[in-house]
Amino acid sequence: MGIALITPFKSDFSVDYEALRHLVRYQIDSGADFLAILVTTAETPTLTAEEKVNIKQLVVEEVKGQIPIVIGCGGNNTQAVVNELQTGDYHDVDAILSVVPYYNKPSQEGLYQHFKAIAQASPVPVILYNVPGRVGVNMTAATTLRLANDCENIIAIKEASGNFDQIDDIIKKKPRHFNVLSGDDGITFPLITLGAVGVISVIGNAFPKEFSRMVRLAIEGDYQNALPIHHRFAELFKLLFVDGNPAGVKAMLNAMGRCENVLRLPLVPTRITTFEKIQSILNSLK
């Protein structure tokens, strides 16, 4: 279980580095297998270049090599991503997570050439991120498999298409070095039963111990004990995204006393009704 780590903010919208430091320690102590930093859930588009450097440095200092660190590095300008990979400092991270280009809707050949260029430029392994609901285009199983076979340092995909036939096709035909990770907490359990090897999780920010237990049980084939945990979190999965991500998980963390319930525009906190539902479920889980 990897964690798509949030960025805590103070009431004045500055980065709350102390809350972030505590959150990283909480993840490590609670069984997270790796951290995915500066990705969508971190509200990365709203962060300054200086804040990104500070966040990376803080996470590296706190992790101390105990678990791998994956860092977001993607965009819809291929050359800009390549330049970033060639000039940036990636010595302290273990892989990059690179999203399918958004807004300009490239063809499947365009997607292939985009990620091939990134793979050739990257000094660390590459994890693809397919999330058509956010970027406006779906990377097909055929394109994913073509990349997996042609580029040795493309090692995995975070699949958030929700298309079980597509994901199953990737799992059945992928090369041995390539893995499939769930990009959606709510379907992690069924995807593991198909052969996915884990998840990059949002809800794990709040419940790393419990959710990592479900993931491990499912990977071990102990579905009888994994399924009740999946069902236990079913309502929270829905509330996570009803008002957008990471509004839901920040509301959870706020209710747990781990960070302020603050997001940077254009994102805003969950509605009061959603927050009250989250609080009620958290109370019942105790």
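Placed above this text is the structure.
Summarised in this report is the structure supplied together with it.

Parameters at a glance
Residue positions are counted from 1 within each chain, in the order its sequence is given. Side-chain atom pairs in this predicted model are given and counted only at pLDDT of 80 or more, local residue features only at pLDDT of at least 70, and totals for whole chains, interfaces and linings cover all residues. As a convention, hydrogens and water are excluded, and side-chain values are obtained from all of the structure's heavy atoms. Each helix corresponds to a stretch of at least 4 residues labelled H or I by DSSP, and each strand to a stretch of at least 2 residues labelled E; elements are numbered beginning at the N terminus. Every radius of gyration here is taken over C-alpha atoms, with the globule rule written as 2.2 Å times N^0.38, N being the number of residues. Each residue is assigned to one of three classes by its accessible area relative to the maximum for its type, calculated with a 1.4 Å probe on protein chains only: buried under 20%, partly exposed between the two thresholds, exposed over 50%. Only heavy atoms matter for contacts: two residues are in contact if any of them lie within 4.5 Å across the pair. Accessibility throughout is a Shrake-Rupley quantity obtained with a 1.4 Å probe, and a residue counts as covered only by protein chains that appear here. Positive charges are assigned to Lys and Arg, negative charges to Asp and Glu, while His and the chain termini are left out of the count. Where a charge lies is defined by one atom per residue type: Lys uses NZ, Arg uses CZ, Asp uses CG and Glu uses CD. Criterion used throughout: strands pair if DSSP finds at least two bridges between them. For helices, the fitted line uses only the C-alpha atoms of the stretch in contact; every axis is such a line through C-alpha atoms, and the angle between N-to-C directions lies from 0 to 180 degrees. With its strands directed away from the observer, a crossover is right-handed exactly when the path from the first strand over the helix to the second travels clockwise.

1. Focus on the overall build of the protein
For step 1, the next point in the chain: Within the protein, the regular secondary structure consists of 13 helices and eight strands.
For step 2, the next point in the chain: Relative to a compact globule of 286 residues, whose C-alpha radius of gyration would be 19 Å, the protein shows 18 Å and is just as compact.
For step 3, the next point in the chain: Counting only C-alpha atoms and orienting by the principal axes, one finds that the protein spans roughly 50 × 45 × 35 Å.
For step 4, the next point in the chain: Within the protein, buried positions represent 53% of all 286 residues.
For step 5, the next point in the chain: Put simply, of all contacts in the protein between residues at least 6 apart along the chain, 70% involve residues at least 24 apart.
For step 6, the next point in the chain: For the protein, the computed accessible surface area is about 12,600 Å², with 50% contributed by carbon and sulfur atoms.
For step 7, the next point in the chain: Here the protein holds 26 positive side-chain charges and 30 negative ones, and the gap between their average locations is 3 Å.

2. Quick word on the sheet that holds strand β3 (residues 69–72)
For step 1, the next point in the chain: Strand order around the closed barrel formed by eight strands is β1-β2-β3-β4-β5-β6-β7-β8, with parallel pairing between neighbours. The average angle at which neighbouring strand axes cross in this sheet is 25 degrees, direction not considered.
For step 2, the next point in the chain: Here strand β6 (residues 154–159) pairs with strand β7 (residues 179–182) via four bridges, running parallel. Paired with E159 across the strands is S182, a residue of β7.

3. So, the pairing of strand β4 (residues 95–99)
For step 1, the next point in the chain: Taken across its five residues, β4 has five buried, putting it largely inside the fold.
For step 2, the next point in the chain: Residues of β4 alternate between two faces, with A95, L97 and V99 on one and I96 and S98 on the opposite face, all of them buried.
For step 3, the next point in the chain: Pairing analysis gives three bridges linking β3 to β4, with the strands arranged parallel. Looking at the pairing, I71 lines up with I96 of β4.
For step 4, the next point in the chain: Crossover handedness for the path β3 to helix α3 (residues 78–87) to β4: right-handed.
For step 5, the next point in the chain: As paired elements, β4 and strand β5 (residues 126–130) share four bridges and run parallel to each other. Residue L97 lies in a different strand from β5, and its bridge partner there is I127.

4. Quick word on the environment of V24
For step 1, the next point in the chain: Mapped onto the elements of the fold, V24 is located in helix α1 (residues 17–29).
For step 2, the next point in the chain: Relative accessible area serves as the criterion here: at 0%, V24 is assigned to the buried category.
For step 3, the next point in the chain: Separated by 87 residues in the primary sequence, V24 and L111 have C-alpha atoms spaced 33 Å apart.
For step 4, the next point in the chain: Those residues within four positions of V24 in sequence are excluded, and the remaining contacts are L5, L35, V59, E62 and V63.

Scope: geometric values only; no functional claims are made or implied.
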